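Structure assessment
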Amino acid sequence: MSLDVQKIRKDFPILSREVNGKPLVYFDNAATSQTPNQVVDAIVDYYHRYNANIHRGVHHLSQQATDAYEEARETIRKHFNIRYKEEVIFTSGTTSGINLVAYGYASSLKKGDEVIVSALEHHSNIVPWQMLCEKTEAILKVIPMTDAGELDMHAYTELLSDKTQLVFVNHVSNALGTINPVEEIIEKAHQFGAQVLIDGAQSASHIKVDLQELDADFYTVSAHKMCGPTGVGILYGKKELLESLPPYQGGGEMIDQVTFEKTTYAGLPHKFEAGTPDICGGIAFAKAIDYLNHIGFENIKHYEDELLAYATEKLLTIEGLKIYGESNRKTSLVSFNIEGIHPYDLGTILDKMGIAVRTGHHCAQPIMDYFKIPGTVRASFYFYNTKEEIDYLIEGIIKAKKMLL
Ligand code: 7TS
């Protein structure tokens, strides 16, 4: 089945606005995706009809909000084929999910233990582990990358040993779009008894992930990259591992009994959900997942592959343009530079034409260092983008090139 993109675009009023007097072309979806009416309506409905704190009140509204929030958890569980509802921890997004796990391992890692990260990571999946290594004197090892922007899997195999405790890799690189072979990474790590955290910030929006099949130990997601609101996401963790980790934050909701002598903690998932969560955000996240499933991930993938192939082919006709990230397993994202032009300058001119791209290091400085560049221009597509918009980008780049060179 093909997508009726014109019909889909009607769900996103923002796509019809103008920027700098030109129709908006929104190609910054890897930073945050746009939000369809169905999700915005769910947010409005929550605040109009049943805004209340959850898990606490005997009153009607509190019960209604609690039921909706727990139903949202169930929708998310089903979508990712997670075995138990307790394994779905609501967080404020990928960054907080990773920090929760990194904090938790501080009490079990020992001096000389090894943890493995990849060269393709967002800073969110580097810095928390560096902080963990500083605290525990564990050693951080890095899976190197290749010129094509793929992980060197042979080198990965060599890094693994009985000392390896943890491996953390993103499913999809935000700077290059590479889809990493996470199945193989997980399987190999498990052979050494190591646990694996997969950063799913860039994958969950494009790929339907089956977490039982994937067998990741932890998986993190941000709602705002998959048509949901900002400030909410989930951490999936295998039950026995989550049970063994200490709570991340103390406060209301996460306790069983509190006395000044001793506090006992609530069971999963509440142990990791201190304080009032983003109730509306969780409910809206589930709506976003329903929306995406209604469109269908197979349809999304098929259409986005077409957009990627089209954009890649057209971009490469521009003289002096180099694309970074040449894996043949990519999501719909192109990161590029034009010889002699700073990415920031190109991005600024494109913005004047109403085209939103991201420029800079994309919070992935080690990748930029590898290519010895200050940054790239990144155009990241989603299922509501069109080939006509890509044509407009190409025209824009050609015009900008004339102005800048
Ligand atoms: N990991 C990856 C792979 C990401 O792409 C991002 C955000 C994060 C973690 C952090 O997610 P957050 O929701 O907690 O902020 N990436 C981007 C980006 O590429 N441009 O802006 C944000």
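Let us look at the structure shown here. No experiment lies behind these values; they were computed from the predicted model shown.

This next bit is on the overall build of the protein. Assigned secondary structure in the protein consists of 14 helices and 17 strands. In terms of overall dimensions, the protein is globule-like: its C-alpha atoms have a radius of gyration of 22 Å, near the 22 Å expected for 405 residues. Judged by the C-alpha coordinates and their principal axes, the protein covers about 70 × 55 × 35 Å. Counting all 405 residues of the protein, 55% fall into the buried class. Restricting to contacts in the protein with at least 6 residues of sequence separation, those with at least 24 account for 72%. Carbon together with sulfur atoms contributes 51% to the accessible area of the protein, which is approximately 17,500 Å² in total. Taken as two groups, the 38 positive and 53 negative side-chain charges of the protein have centres that lie 3 Å from each other.

What follows is about the sheet that holds strand β7 (residues 164-170). Taken together, the 7 strands give an open sheet; going across it, the order is β4-β10-β9-β8-β7-β5-β6, and neighbouring strands pair in mixed fashion. The outermost strands of the open sheet, each flanked by one partner alone, are β4 (88-91) and β6 (139-143). Going across the sheet, the axis of each strand differs from the next one's by a mean of 20°, ignoring polarity. Bridge count between strand β8 (residues 195-199) and strand β9 (residues 218-222): 3 bridges; the pairing is parallel.

What follows covers the nonpolar core. Among the nonpolar cores identified, the biggest contains 107 residues, and F80 and F383 are the most heavily contacted of them. Of the residues forming this core, the biggest block, 11 residues, is contributed by helix α10 (residues 279-295). When we break this core down by domain, the ones giving at least three residues each are domain 1 (5-30 + 296-404) and domain 2 (40-293). Residues in contact with F80, not counting those within four places in the same chain, are A204, V209, D210, L211, Q212, V221, M226, I234 and I289. Listed in part, the 24 residues of the second largest apolar core include I98, A138, L235 and L245.

Moving on to the pairing of β8. Along β8, 4 of the 5 residues are buried, which leaves the element largely enclosed by surrounding structure. Remark: the β7/helix α7 (residues 182-191)/β8 crossover connection has right-handed handedness.

So, on to the site of the ligand. The immediate surroundings of the ligand are formed by 15 residues, with T95, D199, Q202, R358 and R378 found nearest. Within the side chain of R358, an N or O atom sits 2.4 Å from a nitrogen atom of the ligand. Here the ligand, which alone exposes 490 Å², has 87% of that area covered by the protein. Classifying every residue of the shell around the ligand gives 3 nonpolar, 8 polar and 4 charged. Counting contributing residues, the shell around the ligand receives three or more from each of domain 1 (5-30 + 296-404) and domain 2 (40-293).

Another aspect to go through is the side chain of R77. Take R77: it is sitting in helix α3 (residues 60-79). The class for R77 is buried, based on a relative accessible area of 17%. Filtering out sequence-adjacent residues up to four positions away, R77 remains in contact with I82, R83, Y84, K85 and V88.

Attention now goes to the sheet that holds strand β17 (residues 376-380). An order of β13-β14-β17-β16 is seen for the 4 strands of this open sheet, with the pairing classed as antiparallel. Strand pairing shows two members of the sheet lacking a second neighbour, β13 (321-324) and β16 (358-360), which therefore form its edges. Here the strands of the sheet are splayed against their neighbours by 30° on average, with no regard to which way each runs. One ladder, built from 4 bridges, connects β13 with strand β14 (residues 333-338); its direction is antiparallel.

Moving on, we come to α10. For α10, with 17 residues, the first-to-last C-alpha span of 25 Å sits near the 24 Å given by 1.5 Å per residue. For α10, a buried count of 13 out of 17 residues is recorded, marking the element as mostly surrounded by other parts of the structure. Two residues or fewer past α10, G296 is found with a positive phi of approximately 100°.

The rules behind the values
Residues numbered from 1 in each chain as written. Predicted model: local features only at pLDDT ≥ 70, side-chain atom pairs only at ≥ 80, totals over all residues. Heavy atoms only, no water. Helix = DSSP H or I, 4+ residues; strand = E, 2+ residues; numbered from the N terminus. Rg over C-alpha atoms; globule rule 2.2 N^0.38 Å. Buried < 20%, exposed > 50% of the residue type's maximum accessible area, 1.4 Å probe, protein only. Contact = heavy atoms within 4.5 Å. Areas by Shrake-Rupley, 256 points an atom, 1.4 Å probe, with all protein chains shown as cover. Lys, Arg positive; Asp, Glu negative; His and termini not counted. Charge placed at Lys NZ, Arg CZ, Asp CG, Glu CD. Pairing = 2+ DSSP bridges. Axes fitted to C-alpha atoms, helices over the stretch in contact; angles between N-to-C directions. Core = buried A, V, L, I, M, F, W, Y, C linked by side-chain atoms within 4.5 Å. Domains from an automatic or database assignment. Right-handed = clockwise from strand over helix to strand, strands pointing away. Near = heavy atom within 4 Å. Polar contact = N/O pair within 3.5 Å; in protein donor to acceptor, adjacent residues only side chain to side chain. Nonpolar A, V, L, I, M, F, W, Y, C, P; charged D, E, K, R; others polar. Expected span 1.5 Å × (residues − 1).

Keep in mind these values describe shape, not function.
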